[in-house]
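Notes for the structure review
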Amino acid sequence: MRIAFKPNKTGIAILTIMLVIVGYIIFKRRKQIKQMASKTIEFIQNKTWDIITDRRLASLHPQIRKRANEFILRAEKELGIKLRVTSALRTWKEQEKLYAKGRTTKGNVVTNAKPGKSLHNYGLALDVVEIKNGKALWTNPNWSKIAALGKSLGFSWGGDWKSFKDKPHFEMRFGKTLSDLQALYTSGNREGEYVNLA
Ligand SMILES: [Zn+2]
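Keep in mind it's a predicted model, so treat the numbers as computed, not measured.

A closer look at the overall build of the protein
- For the protein, the count of helices and strands is seven helices and seven strands.
- Going residue by residue from the N terminus, the α and β elements of the protein occur as α-α-α-α-β-α-β-β-α-β-β-α-β-β.
- A compact globule built from 198 residues should have a C-alpha radius of gyration of about 16 Å, whereas the protein, at 25 Å, is more than 25% larger.
- Projected onto its principal axes, the C-alpha positions of the protein cover 85 × 45 × 35 Å.
- Split into buried and exposed, the 198 residues of the protein put 21% on the buried side.

Digging into helix 2 (residues 30–46)
- Taking 1.5 Å as the rise per residue, helix 2 with 17 residues should run 24 Å; its terminal C-alpha atoms sit 24 Å apart, in good agreement.
- Judged by how many residues are buried, helix 2 sits mostly at the surface: zero of 17 residues are covered.

Side note on the domain arrangement of the protein
- What the domain assignment reports for the protein is domain 1 (8–46) and domain 2 (50–195).
- For domain 1 and domain 2, the distance between their C-alpha centroids amounts to 43 Å.

Considering unusual backbone geometry
- At asparagine 133, a residue that is not glycine, the phi angle is positive and equals roughly 50°.
- If you trace the backbone, asparagine 133 turns up in the loop between strand 2 (125–132) and strand 3 (135–137).
- Overall, asparagine 133 belongs to the exposed group, with 5 C-beta atoms counted inside 10 Å.

Section: the packing of helix 4 (residues 62–79) against helix 6 (residues 143–152)
- Two elements in contact, helix 4 and helix 6, have axes separated by 10 Å at closest approach and are oriented at 130°. As the angle between them shows, helix 4 and helix 6 are arranged oblique. Along this stretch, helix 4 crosses helix 6, giving a crossing that reads as right-handed. Taken together, the residues of helix 6 that come into contact with helix 4 (itself represented by Phe71, Arg74, Ala75 and Leu79) are Lys145, Ile146, Leu149 and Gly150.
- Classifying every residue of the contact of helix 4 with helix 6 by side-chain character gives five nonpolar, one polar and two charged.

Observations concerning the nonpolar core
- With 28 residues, the main nonpolar core has Leu60, Ala68, Ala75, Leu83 and Leu126 as its most contacted residues.
- If you list the elements that add at least two residues to this core, you get helix 4, strand 1 (83–87), strand 2 and helix 6.
- For this core, the leading source of residues is helix 4, giving five residues.
- Residues in contact with alanine 68, not counting those within four places in the same chain, are Leu57, Leu60 and Leu126.

Conventions used here
- Residues numbered from 1 in each chain as written.
- Predicted model: local features only at pLDDT ≥ 70, side-chain atom pairs only at ≥ 80, totals over all residues.
- Helix = DSSP H or I, 4+ residues; strand = E, 2+ residues; numbered from the N terminus.
- Rg over C-alpha atoms; globule rule 2.2 N^0.38 Å.
- Buried ≥ 20, exposed ≤ 12 C-beta atoms within 10 Å, placed from the backbone.
- Expected span 1.5 Å × (residues − 1).
- Domains from an automatic or database assignment.
- Axes fitted to C-alpha atoms, helices over the stretch in contact; angles between N-to-C directions.
- Parallel < 35°, antiparallel > 145°, perpendicular 65-115°, else oblique.
- Left-handed = near helix turned anticlockwise from the far one by under 90°.
- Contact = placed C-beta atoms within 7 Å.
- Nonpolar A, V, L, I, M, F, W, Y, C, P; charged D, E, K, R; others polar.
- Core = buried A, V, L, I, M, F, W, Y, C linked by C-beta atoms within 7 Å.

Structure, rendered in structure tokens:
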């Protein structure tokens, strides 16, 4: 069977007008289209091996999110280590609940930090662990390599702490003390859970 296509003048005119309109819309919106495309590319490029990690990274303070993302990507690419973020932002409310455990609510005491006393409460800290064959390697000869990479990106490492060595923990405090951060938070100098660091 042969499908005959007979162009007629009206049809061509309508098609031309439609193409011109579509072209005009694309031209008018070219900036938005470009932005959308580059955001999509960025999103794809920043995706880590692990969806749980991606979700937790997104909860971090905007000023450390990129570098934390780079940390996970480079650990895999350069060290062949798959890191999972096990904890990122812990809101004041969540910290309050955690602190109540074993004190005013059931269970064992799990933390000594009251709300605002941990960099996690500001989204300025993340805990990581290597995942190998589906298992989390909390005791790991690779900690020093992981720490070196994290530190090269500007993070402080909990494994360097004198009193209690917290190897999974990396944080960035932008020269602020906990009481500085607490003051910013309680005075409302913040966007949601994220204090204004500038
Ligand atoms: Zn931590």
